[in-house]
Amino acid sequence: MSSENQNENLGKNLGSRRSRHQGRSHIRNRPFVVATFAMTADGKVTTKNFGPVDFTSREDKLHLFRQRALADAVLLGHTSLERDNVRLGVPAELQELRIKRGQSRSPLRVIVSNKGRIDDRLKIFQSDISPIIIFSTKRMPPKNQEGAREVDLAAMLKTLRNQYKVSTLACEGGPTLFRSLLEQGLVDQLNLTIAPYMFGGAKAPTLTGLSKKFLPASVHCSLIEMRTVADECFLTYRIKHRRRRRSSTRSPRND
Ligand SMILES: NC(=O)c1ccc[n+]([C@@H]2O[C@H](COP(=O)([O-])OP(=O)(O)OC[C@H]3O[C@@H](n4cnc5c(N)ncnc54)[C@H](OP(=O)(O)O)[C@@H]3O)[C@@H](O)[C@H]2O)c1
């Protein structure tokens, strides 16, 4: 989904932010997290070489822009940023709609990287459309660095909510980051485009990456919208969150 030049028909299906994100009452102290992905009919989100996503239609690219434009911030994993080399901007027409809704012209751009070695020649750093926030273990105070191998995603979301006033976060992947968020119950909505292709290949990641492990528990979804355009299907799922028990002796399982 690297094309950033499409600007027709962008206001379609935007709806009000309130109506699109009802049912937030389970969220405390973090943004509502909406993930947007495209996958083939056999569940692949990229090829084995991790090439940029170019197997979807113009309509799907517009769909991605619309979702991005609804959010206060857009989140991307370091690998996807490197591979797709995107600016994470929003077309002019959608910028105007954002202003009318009382939002900033473009969403904040958030990158996560455990290693923190990010190439400053990437396109994202050549555009100053909105601030860029990088979460990395290297940015932690030295006393917290020891043993911290991964960015604490729950803490990251809390910071985005409390310090940057982000109430809706658009996660654009990739699958490794999405899986980490999913495992921690930090995804609220999944927008999934099914594209009319099949790639096969054990080395081509699915929506939840290449890990052979099961998720700690099955994630249940509710289908809240389905739209077809030509050969593509646009699905919107609300993620059902498990109620946390105060004391539980059950171990995680796949049910
Ligand atoms: N079809 C689609 O809709 C779609 C969407 C997005 C991406 N993609 C494709 O997916 C591929 C890349 O996906 P990917 O799964 O390899 O990478 P990714 O999820 O984009 O990025 C993973 C990286 O994020 C950083 N990270 C920091 N904290 C993390 C945490 N707590 N959990 C997980 N990651 C964390 C790490 O960066 P460091 O290595 O810097 O430490 C990690 O290596 C690309 O080919 C891209 O085109 C497809």
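Quick caveat: nothing in here was measured; it's all calculated off a predicted structure. (Residues numbered from 1 in each chain as written. Predicted model: local features only at pLDDT ≥ 70, side-chain atom pairs only at ≥ 80, totals over all residues.)

Peer 1: Looking at this model, I keep getting lost on the site of the ligand. Mind explaining?
Peer 2: In the vicinity of the ligand there are 31 residues, among which Gly 77, Thr 79, Asn 114, Gly 173 and Gly 174 approach most closely. The element best represented in the shell around the ligand is helix H3 (residues 78–84), accounting for five residues. (Near = placed C-beta within 6 Å. Helix = DSSP H or I, 4+ residues; strand = E, 2+ residues; numbered from the N terminus.)

Peer 1: Honestly, the sheet that holds strand E3 (residues 108–113) in this entry has me stumped. Any pointers?
Peer 2: Strands belonging to one sheet form pairs held by backbone hydrogen bonds; the direction of such a pair is parallel or antiparallel. Overall, mixed pairing links the eight strands, which are arranged E4-E3-E2-E5-E1-E6-E8-E7 in an open sheet. Looking at strand neighbours, the two that pair on one side only are strand E4 (132–136) and strand E7 (220–229), the edges of this open sheet. Ignoring strand direction, the axes of neighbouring strands in this sheet form an average angle of 20°. The pairing of strand E2 (residues 73–77) with strand E5 (residues 168–171) spans three bridges and is classified as parallel. (Pairing = 2+ DSSP bridges. Axes fitted to C-alpha atoms, helices over the stretch in contact; angles between N-to-C directions.)

Peer 1: Help me understand the packing of helix H2 (residues 58–70) against helix H4 (residues 92–100) in this model?
Peer 2: The angle between the axes and the distance between the axes are what describe a pair of packed helices. At a closest axis distance of 10 Å, the pairing of H2 and H4 adopts a crossing angle of 25°. What the angle tells us is that H2 and H4 run roughly parallel. With respect to the hand of their crossing, H2 and H4 are arranged in right-handed fashion. When H2 is examined against H4, the residues Phe 65, Arg 66 and Ala 69 are found in contact with a partner set consisting of Leu 94, Leu 97 and Arg 98. (Parallel < 35°, antiparallel > 145°, perpendicular 65-115°, else oblique. Left-handed = near helix turned anticlockwise from the far one by under 90°. Contact = placed C-beta atoms within 7 Å.)

Peer 1: Sorry if this is basic, but what is going on with helix H6 (residues 153–162) here?
Peer 2: Residues three or four positions apart in an α-helix share a direction because the helix packs 3.6 residues into each turn. If you check which residues of H6 are buried, you get Leu 157, Leu 160 and Arg 161. Down the axis of H6, the buried set is contained in an arc of 100°. They therefore lie on one face. Elements that come into contact with the buried residues of H6 comprise E2, E3 and E5. (Buried ≥ 20, exposed ≤ 12 C-beta atoms within 10 Å, placed from the backbone. Arc of directions from axis to C-beta.)

Peer 1: How should unusual backbone geometry be read in this particular structure?
Peer 2: Leaving glycine out, the prevailing phi sign among residues is negative, and the prevailing peptide bond configuration is trans. The peptide bond linking Gly 173 to Gly 174 adopts the cis configuration, its omega dihedral lying at 0°. Mapped onto the elements of the fold, Gly 174 is located in the loop between E5 and helix H7 (175–183). Backbone geometry at Asn 85 places phi at a positive 45°, although glycine is not the residue there. With 14 C-beta atoms counted inside 10 Å, the residue Asn 85 sits in the partly exposed group. Here the phi dihedral of Leu 88 falls at roughly 65°; this positive angle occurs in a residue that is not glycine.

Peer 1: How should I be thinking about the nonpolar core in this particular structure?
Peer 2: As a rule of thumb, nonpolar side chains are buried together in soluble globular proteins. With 45 residues, the main nonpolar core has Val 33, Ala 73, Leu 169 and Cys 171 as its most contacted residues. Secondary-structure elements contributing two or more residues to this core are strand E1 (32–40), H2, E2, E3, H6, E5 and H7. Top contributing element to this core by residue count: E1, with seven residues. Residues contacting Leu 169, with those up to four places away along its chain left out, are Pro 31, Val 33, Ala 71, Ala 73, Leu 75 and Leu 160. (Core = buried A, V, L, I, M, F, W, Y, C linked by C-beta atoms within 7 Å.)

Peer 1: Got a minute to help me understand the confidence of the model for the protein in this structure?
Peer 2: Do not read the fine detail of predicted coordinates wherever pLDDT is low. Confidence along the protein averages 86 in pLDDT terms, with 81% of residues attaining 70 or more. Under a pLDDT of 50 for its full length, residues 1–20 has, in the predicted model, 40 contacts with residues more than four places off or in other chains. Here residues 247–255 is modelled with pLDDT under 50, and outside its nearest four sequence neighbours on either side it reaches eight contacts, counting other chains as well. (pLDDT = per-residue confidence, 0-100.)

Peer 1: Would you explain the pairing of E5 in this entry?
Peer 2: Note on strand geometry: in a regular strand, side chains alternate between the two faces of the sheet. Where burial is concerned, the two faces of E5 agree: the one with Thr 168 and Ala 170 and the one with Leu 169 and Cys 171 are both buried. Sheet topology places E1 next to E5; four bridges connect them, and they run parallel. By the bridge assignment, Phe 32 is partnered in E5 with Thr 168.

Peer 1: Quick question: what am I supposed to make of the environment of Leu 210 here?
Peer 2: By the element assignment, Leu 210 lies in the loop between strand E6 (189–195) and E7. A tally of 13 C-beta atoms within 10 Å means that Leu 210 is categorised as partly exposed. Along the chain, Leu 210 and Arg 179 lie 31 residues apart, while their C-alpha atoms are 10.0 Å from each other.

Peer 1: Can you walk me through the pairing of E6 in this structure?
Peer 2: Sheet topology places E1 next to E6; seven bridges connect them, and they run parallel. Its bridge partner lying in E6, Ala 38 is registered against Thr 193. As paired strands, E6 and strand E8 (residues 232–240) are joined by six bridges and run antiparallel to one another. Following the sheet pairing, Gln 189 is matched in E8 by Arg 238.

Peer 1: Whenever I open this one, the environment of Leu 181 confuses me. Can you help?
Peer 2: Mapped onto the elements, Leu 181 comes out in helix H7. Between the C-alpha atom of Leu 181 and that of Ala 35, which follows or precedes it by 146 residues, the distance is 9.8 Å.

Peer 1: Where do I start with the environment of Asp 128 in this structure?
Peer 2: Summarising the element assignment, Asp 128 is placed in the loop between E3 and E4. For the pair Asp 128 and Gly 89, spaced 39 residues apart in sequence, the C-alpha separation works out to 9.6 Å.

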